[in-house]
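Listed here are the chains, written in short residue letters.
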Amino acid sequence: MKQTGLRFLSWLLVVMILFSGAAISLAETPPDVRNITSEEVQAYAQAYTDALYGDAYGKSGNEGALPKGSFHSMAVHHYDPNYSVVKYNAFPIQHFTFDRTGQPTGQVTVTYSNNVTVVWSISGTASADAEFQAIAAKIGGELGIAVGKSSTIGSNGAASANYTLQGDRTYSITIYAHGAATSGGMVYYYTTIDGQSGYTTIPVTASLPLASYSPANGIHFGPAVVV
C-alpha cells in the first residue's frame, strides 16, 4: 500500500510537470509564427492595390489621376490623338557600319536582306489588346492605312540603295520599316470601391507597324551618318 501510494505520487508529479510545461508552451508564440492584426492585413492589401493599379496604369503625377486606393475597375473607352503621322523611320530593322579609313571616296550599295518582325509599342499604360484596338481604330481611318500589332518584313524582292562615302571616315547607316506614330490621351471609364464612376485620361505615345510589308512599300534607308 505504501509503494502504491508512492507510485501514485510520483506519477502525479510527472503529470503536473508535463502539464506545467505544456501550459507554458501553449501560452508562448512559436518563434516563426506571429499573429497579424486586421490593420496589418488592410495595409498589405492597400499596398498591393497601389502597386498593381497605381503604377501599372501610370497614374502617378498625371493630371486627372485617380487617388490611389480608390480604384476598383478601369476599361478603355476611346482614344483622343493629339497627332498621328506616318513615319518612314518608325522601326529600325537593320544597321550597317562602314569604316573607310585609308580608302578613297567611293560608292557602296546597301541591301535589305533580312526577315524581321516589328511589334507595336506604347508608353504610359499597359500594352493590352484594348489599348491597341482603340488606337488602331482611330488613327487607321485618319491616316488611311492598315496597322497591326506585329508585322513581318520579308527579304523577297530585297530593296537596295546607293551611298557615296568619303574616305578616312566611318559611317553608320540604318534601315527602317514604315509605321504610324501617334501621341494623345487614352480615355478610361473607371469605377471606385465606394461606387463612384467617371472618366480619366492617361497620356500615351505609340508606334504601330503596317499590317503588311514589302520592301517596295515598307523600307526606308536612312542617311549615312559620320560616327
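The structure under discussion appears in the preceding block.
Reference entry: report on the structure contained in this document. For every chain, the first residue of the written sequence is number 1, and numbering continues from 1 along that sequence. With pLDDT at 70 or above as the cut-off, local features in this predicted model cover only qualifying residues; side-chain atom pairs require 80 or more to be listed or tallied, and sums for whole chains, interfaces and linings still use all residues. Note that water and hydrogens are dropped before the side-chain values are worked out from all heavy atoms of the structure.

1. Describing the packing of aromatic side chains
Selection criterion: Only Phe, Tyr and Trp rings are paired, with Trp represented by its six-membered ring, and only when their centres lie within 6.5 Å; those with planes under 30 degrees apart are stacked, over 60 edge-to-face, the remainder tilted.
Per the stated rule, a full pass over the model turns up three aromatic pairs. The interplanar angle of 20 degrees and the centroid separation of 6.3 Å between the aromatic rings of Phe96 and Phe98 together place this pair among those described as stacked.

2. Digging into the side chain of Ser172
Basically, it comes down to this: Only runs of H or I of at least four residues qualify as helices and only runs of E of at least two qualify as strands under DSSP, and these elements are numbered from the N terminus. In the analysis that follows, any N or O atom pair within 3.5 Å is treated as a polar contact, provided that within protein one partner can donate a hydrogen and the other can accept it, and provided that, for residues neighboring in sequence, both atoms belong to side chains. Two residues qualify as a contact provided that any one of their heavy atoms is within 4.5 Å of a heavy atom in the partner residue.
Within the secondary structure, Ser172 sits in strand β7 (residues 170-192). A polar side-chain atom of Ser172 sits 3.2 Å from a polar atom in the side chain of His95. Leaving out residues up to four positions away in the same chain, Ser172 has contacts with His95, Phe96, Pro223, Ala224, Val225 and Val227.

3. What to know about the pattern of salt bridges
What counts, and what does not: A side-chain nitrogen of Lys or Arg and a carboxyl oxygen of Asp or Glu constitute a salt bridge if their distance falls within 4 Å. The cut-offs for exposure are 20% and 50% of the maximum accessible area for each residue type, with area from a 1.4 Å probe on protein chains only; residues under the lower value are buried, those over the upper are exposed, and the others partly exposed.
Within this structure, the stated rule accounts for one salt bridge. Linking Lys149 and Asp129 is a salt bridge whose minimum nitrogen-to-oxygen distance equals 2.9 Å. Placement of the pair is Lys149 in the loop between α3 (129-143) and β5 (150-153) and Asp129 in helix α3, with a sequence separation of 20 residues. According to the relative accessible area criterion, Lys149 is partly exposed, its value standing at 32%.

4. Here's the deal with the environment of Ala75
Its place among the elements puts Ala75 in strand β1 (residues 71-99). The exposure class assigned to Ala75 is partly exposed, which follows from its relative accessible area of 39%. Separated by 116 residues in sequence, Ala75 and Thr191 place their C-alpha atoms 9.2 Å apart. Residues in contact with Ala75, not counting those within four places in the same chain, are Val187, Tyr188 and Tyr189.

5. Overview of the pairing of strand β2 (residues 106-111)
We count it as follows: In short, DSSP must find at least two bridges between two strands for them to pair.
Side chains of β2 alternate between two faces, with Gly106, Val108 and Val110 buried and Gln107, Thr109 and Thr111 left unburied. Relative to strand β6 (residues 160-165), β2 runs antiparallel, the two sharing six bridges. For Gln107, the partnering residue across the bridge sits in β6 and is Thr164.

6. Some thoughts on the side chain of Ser151
Assignment of secondary structure puts Ser151 in strand β5. Here Ser151 falls in the buried class, since its relative accessible area comes to 6%. Engagement of the side chain of Ser151 in a polar contact is seen with the backbone oxygen of Ala211, the distance being 3.2 Å. Those residues within four positions of Ser151 in sequence are excluded, and the remaining contacts are Val116, Thr117, Val118, Pro209, Leu210, Ala211, Ser212 and Tyr213.

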